[in-house]
Amino acid sequence: MKPTTVLILFAIGSTTLAPLANGDTLHPTPSGITVTGECLKKVSQDRGAVTVGTSIVAQKASAAAERAIEAHEHIKVDVAKLKLKDSTQQTANYSVSEECTYNGGKRLCTGYRANISTRFETSDIPRLGDVIAVAAQHGSEDISQLQTFVSREKLKESREACLETATQNAAAKALKLATGAGVKLGKLLSLSENTAPGGAFPIYQRNNNMEMKSMSLAASAPSIDSQAEDLQVSVSANYNIE
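Everything numeric in this text was worked out from a predicted model, so none of it was measured.

K.L.:
Explanation requested: the overall build of the protein chain in the structure shown.
P.N.:
If you tally the helices and strands in the protein chain, you get 3 helices and 8 strands. For the protein chain, the sequential pattern of α-helices and β-strands runs β-β-α-β-β-α-β-α-β-β-β. Every one of the 242 residues in the protein chain was classed for burial, and the buried ones make up 31%. In the structure as shown, the protein chain presents an accessible area of about 15,100 Å², 52% of it carried by carbon and sulfur atoms.

K.L.:
I tried to follow the state of the cysteines on my own but got confused; where do I start?
P.N.:
The bond known as a disulfide is covalent and runs between the sulfur atoms of two cysteines. The tally for this structure, following the rule as stated, stands at 2 disulfides. Bridging Cys39 to Cys162, the disulfide has an S-S length of 1.8 Å. In this structure the cystine formed by Cys39 and Cys162 twists about its S-S bond by roughly -85°; its chirality is therefore left-handed. With Cys39 in strand β1 (residues 33-44) and Cys162 in helix α3 (residues 152-181), this residue pair connects regions lying 123 residues apart in the sequence. Across the pair, exposure class does not vary: Cys39 and Cys162 are buried alike. Sulfur-sulfur distance for the disulfide between Cys100 and Cys109 comes to 2.0 Å. What sets the handedness of the Cys100 and Cys109 disulfide is the S-S torsion sign, and at about 95° it is right-handed.

K.L.:
So what exactly am I meant to see when it comes to unusual backbone geometry here?
P.N.:
Trans is the prevailing form of peptide bonds, just as negative phi is the prevailing case for residues other than glycine. Positive phi values are uncommon outside glycine, yet Lys83 reaches one of about 55°. For Lys83, a relative accessible area of 73% puts it in the exposed group. At Asp86, a residue that is not glycine, the phi angle is positive and equals roughly 50°. Positionally, Asp86 belongs in the loop between α1 (61-81) and β3 (88-103).

K.L.:
Just checking my understanding: could you explain the sheet that holds β1 for this structure?
P.N.:
If you trace the 3 strands from one edge of the open sheet to the other, you get β1-β8-β6, paired in antiparallel fashion. At either end of the open sheet lies a strand with only one pairing partner, and these are β1 and β6 (185-194). Between one strand axis and the next, the sheet turns by 25° as a mean value, whatever way the strands run. Bridge count between β1 and strand β8 (residues 228-241): 12 bridges; the pairing is antiparallel. Paired with Lys41 across the strands is Leu231, a residue of β8.

K.L.:
I tried to follow the nonpolar core on my own but got confused; where do I start?
P.N.:
Note that soluble globular proteins tend to have their nonpolar side chains buried in a common cluster. Core analysis: the largest hydrophobic core is formed by 17 residues, its most contacted members being Ile33, Val35, Ala170, Ala174, Leu231, Ala237 and Tyr239. Elements with a minimum of two residues in this core: β1, α3 and β8. Leave out the neighbours within four places in its chain, and Ala170 touches Val35, Thr36, Gly37, Val235, Ala237 and Tyr239. Counting residues in each nonpolar core, the second largest holds 16 residues, with Leu82, Leu128, Ile132 and Ile143 among its members.

K.L.:
Explain α3 here, please?
P.N.:
Working note: α-helix, 3.6 residues per turn, so residues spaced by three or four point in the same direction. For α3, spanning 30 residues, the distance from its first C-alpha to its last is 42 Å, which sits close to the expected 44 Å at 1.5 Å a residue. Elements that come into contact with the buried residues of α3 comprise β1, β6 and β8. Where α3 ends, the next residue or the one after it, Gly182, has phi of about 75°, a positive value.

Rules behind the numbers
Residues numbered from 1 in each chain as written. Predicted model: local features only at pLDDT ≥ 70, side-chain atom pairs only at ≥ 80, totals over all residues. Heavy atoms only, no water. Helix = DSSP H or I, 4+ residues; strand = E, 2+ residues; numbered from the N terminus. Buried < 20%, exposed > 50% of the residue type's maximum accessible area, 1.4 Å probe, protein only. Areas by Shrake-Rupley, 256 points an atom, 1.4 Å probe, with all protein chains shown as cover. Disulfide = S-S within 2.5 Å. Pairing = 2+ DSSP bridges. Axes fitted to C-alpha atoms, helices over the stretch in contact; angles between N-to-C directions. Core = buried A, V, L, I, M, F, W, Y, C linked by side-chain atoms within 4.5 Å. Contact = heavy atoms within 4.5 Å. Expected span 1.5 Å × (residues − 1).

Here it is as structure tokens:
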């Protein structure tokens, strides 16, 4: 195996543009010292959600739909009585389909199944257990998609606060590089925020995907815990060398 040589270059002063054979000119690389400043912090989750579903089978589609809607409305009314902080609710699914099975290659239909589900969201994460208990008391066997996450608003606020730390980190790193190289660090030439792939404001969340088929007989609310998420912000800075 041939030895590998690592070459480190410091660009000092002006940059010469090299003409190409076709008449074009190479763009110069930034002169001075270029560094990446970072900020890594924990952000506590401030929102939680759970999806509760109701499923009813009846001989007629209209009867299945009517009974499912009525049963589900009772759940929604009782959840509203909990008076969850900063709560929202959204219909996650509604469907009516023929209920059929296959036996010996033959299709046997026994009626129609109506499904309706609602996603309940709140800033009071521990009380999601109360929502689950209400659903269980009403006989719901479809409790899923339990999530705890950082809201978009809090993530934006935390990210912007982290930018100052990342900028200070870039300045400190540039100074150490200049000192180590025996040169004097000059003024800041450029500074930019590095955007994470997939967008500047991803929502960090934890999916528990609870399929609580056995919780219909639950007597008390389960305990719901949250966790802090890692937030990383970075900036690119270019400093002149005097």
